[in-house]
Amino acid sequence: MTFDKILEDKRLWAVKYDGDNSNCFDMLFSSWYDMRWLLSFFQENLADLTSFFHITDVYEAVMDTIDEAKRLECVMMDITPDANLDILFKHLENSRFSEMTLGREKAYGDGSYRHQSWLRIYAIKIEPGVYLVTGGAIKLTATMAERRHTLEELAKLERVRNYLLDSGVYDLDGFNDYIDNEQGN
């Protein structure tokens, strides 16, 4: 795996997994803008969409996802000097109240007037304000453990976190050293 810089000021990075043509950030938004992919996803997960969000129209879900993905991407890509990713990312575990080394984090959209957000971006917090995106999902259930696609995202988060720790990355200095020495960026 390698790490691609998403923002020039090095506040946002994304994992490019071995065998993938692009990083997970670009792939995620590409999926969220793809009407065919979304239609298939919501048809396959209609029971969750209906039971948790009380939405029965998959086309409504598709359009809501595209609209929200656009807003979320704009917020994530904010290049103003005072932009603060810490406002967007929250602890993955709702019960965690303190920081941890390479914390597992989640970001989600602001939702629409019809429902709360189901878009999730998962990341490792390198340090305050600096995040490494590991993937994302459309989360239609109360917990990640309820569906295979969200469990896979949880596993990716843990795999990347362990990879960083095994590589001696515990903070931003270690991450920068890794980028310079291992990737030659």
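Residues numbered from 1 in each chain as written. Predicted model: local features only at pLDDT ≥ 70, side-chain atom pairs only at ≥ 80, totals over all residues. Heavy atoms only, no water.

**Q** I'm lost on unusual backbone geometry in this one. Help?
**A** As a rule of thumb, non-glycine residues mostly have phi less than zero, and peptide bonds are mostly trans rather than cis. For lysine 10, which is not glycine, the phi torsion reads 65° and is therefore positive. Turning to its location among the elements, lysine 10 is positioned in the loop between β1 (2-5) and β2 (12-16). The backbone phi angle of leucine 102 is positive, close to 50°, even though this residue is not glycine. The residue leucine 102 is located in the loop between β3 (89-91) and β4 (103-108) in this model. (Helix = DSSP H or I, 4+ residues; strand = E, 2+ residues; numbered from the N terminus.)

**Q** Can you walk me through the layout of surface pockets in this structure?
**A** To find leftover empty space, a probe the size of one water molecule is rolled over the atoms. There is about 350 Å³ of room inside the largest pocket. In terms of lining, the largest pocket is formed by 18 residues, of which the most central are Leu28, Trp37, Gly136, Glu153 and Lys156. Of all the secondary structure elements, the ones that give two or more residues to the lining of the largest pocket are α1 (24-32), α2 (35-44), β6 (130-138) and α6 (148-166). When its residues are assigned to classes, the lining of the largest pocket shows nine nonpolar, four polar and five charged. (1 Å grid on protein atoms, 1.4 Å probe; cavity = no way out; pocket = protein on both sides within 12 Å on 5 of 7 lines; lining within 4 Å. Points joined across faces, edges and corners; volume = space filled by probe spheres on them. Nonpolar A, V, L, I, M, F, W, Y, C, P; charged D, E, K, R; others polar.)

**Q** Whenever I open this one, the sheet that holds β2 confuses me. Can you help?
**A** Adjacent strands of a sheet pair through backbone hydrogen bonds, lying either parallel or antiparallel. An order of β1-β2-β6-β5-β4-β3 is seen for the six strands of this open sheet, with the pairing classed as mixed. The open sheet is flanked by β1 and β3, the only strands paired with a single partner. Between one strand axis and the next, the sheet turns by 40° as a mean value, whatever way the strands run. Running over the sheet, α6 touches β1, β2, β4, β5 (119-127) and β6 and is turned about 160° from β6. (Pairing = 2+ DSSP bridges. Axes fitted to C-alpha atoms, helices over the stretch in contact; angles between N-to-C directions. Contact = heavy atoms within 4.5 Å.)

**Q** Is there a simple way to explain the nonpolar core in this structure?
**A** General note: in soluble globular proteins, nonpolar side chains tend to be found buried as a group. Within the largest apolar cluster, 57 residues are counted, with the highest numbers of intra-cluster contacts made by Phe3, Phe42, Trp118, Ile121, Leu132 and Leu164. The biggest single contributor to this core is helix α4 (residues 58-76), with seven residues. (Core = buried A, V, L, I, M, F, W, Y, C linked by side-chain atoms within 4.5 Å. Buried < 20%, exposed > 50% of the residue type's maximum accessible area, 1.4 Å probe, protein only.)

**Q** Would you take a moment to explain the pattern of salt bridges for this structure?
**A** Any two side chains of opposite charge can pair, so long as their charged atoms come close to each other. The final tally for this structure, using the stated rule, is eight salt bridges. Across the pair aspartate 48 and arginine 147 runs a salt bridge, and its minimum N-O distance is 2.6 Å. With aspartate 48 in helix α3 (residues 46-53) and arginine 147 in the loop between β6 and α6, the pair connects residues that are 99 residues apart, well separated along the chain. Note on arginine 147: relative accessible area 31%, which makes it partly exposed. Between arginine 71 and aspartate 110 there is a salt bridge, and its shortest N-O distance comes to 3.2 Å. Note that arginine 71 is positioned in helix α4 and aspartate 110 in the loop between β4 and β5, a separation of 39 residues in sequence. (Salt bridge = Lys/Arg side-chain N within 4 Å of Asp/Glu carboxyl O.)

Geometric descriptors of this kind do not, in isolation, establish any biological role.
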